[in-house]
Amino acid sequence: MIPNFFSKSVRKRVRKKYRVSLARTYKALSSASVDVLWQKMTDLADVSWHPLLASTNVPKGLVAKPGLIYQAITRSILPIPIQIFVEQVRPGELLSVRIITLPGLEERVTYKVESTVCGTQISYSITLQGWLSPLIWSLIRSNAARVAAKLADAAEEKPLLR
């Protein structure tokens, strides 16, 4: 006969869902101004600099605003359509988006731009949650590490004028 308190604790452990979470932040310095980097980052139609995205369905000239949902296609062997939801925008400072791809995966990306003594610093933070996150992370890790540097290079090459 098993005591009643023991069976309750076993049932609680079995019901727990294990949630995997991966988070990384990558930084890069740029000689471009904060305004130029911000324009490049918020021009959602031009993702030519982004190593993970191939194209978007955003009309040219539309900038990121909270609540905006748009579709993008990934750069991979098998192009995958994804939905991107703009969560938070602080002009000239922060852009936060949530990426909706597959059930079992939640991805949040945050871009920060800060002016420093050495130049402009770009931070690219990526957080993956869900049971698929280890698999997806193994596929995108090398490209995710280059996003901040590619954005800095693109802003230094050809500044946008609006």
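Residues numbered from 1 in each chain as written. Predicted model: local features only at pLDDT ≥ 70, side-chain atom pairs only at ≥ 80, totals over all residues. Heavy atoms only, no water.

**Digging into the packing of aromatic side chains**
This model, assessed by the stated rule, comprises two aromatic pairs. Between Trp 49 and Tyr 111, the ring centres sit 6.5 Å apart and the planes meet at 75°, which makes this aromatic pair edge-to-face. Within this pair, whereas Trp 49 is found in the loop between α2 (34–42) and β2 (53–56), its partner Tyr 111 is found in strand β6 (residues 106–116), the two being separated by 62 residues in sequence. We note that Trp 49, like Tyr 111, is buried. Summarising the aromatic geometry, the rings of Tyr 111 and Tyr 124 are spaced 5.3 Å apart at their centres and angled 50° between planes, so their arrangement reads as tilted. Separated by 13 residues along the polypeptide, Tyr 111 in strand β6 and Tyr 124 in strand β7 (residues 119–129) bring together distant segments of the chain. Through pairs of rings, three or more aromatic residues link up here, namely Trp 49, Tyr 111 and Tyr 124. (Phe/Tyr/Trp six-rings, centres within 6.5 Å; stacked < 30°, edge-to-face > 60°. Helix = DSSP H or I, 4+ residues; strand = E, 2+ residues; numbered from the N terminus. Buried < 20%, exposed > 50% of the residue type's maximum accessible area, 1.4 Å probe, protein only.)

**Some thoughts on the sheet that holds strand β4 (residues 81–90)**
Ordered in space as β1-β7-β6-β5-β4-β3-β2, the seven strands form an open sheet in which the pairing is antiparallel. At either end of the open sheet lies a strand with only one pairing partner, and these are β1 (21–30) and β2. Averaged over all neighbouring strand pairs, the angle between strand axes comes to 25°, with direction disregarded. Sheet topology note: the β1/β7 ladder contains 10 bridges and is antiparallel. Residue pairing in the sheet places Tyr 26 in a bridge with Tyr 124 of β7. Contacting β1, β6 and β7, helix α4 (residues 147–157) runs over the sheet at an angle of about 25° to β1. (Pairing = 2+ DSSP bridges. Axes fitted to C-alpha atoms, helices over the stretch in contact; angles between N-to-C directions. Contact = heavy atoms within 4.5 Å.)

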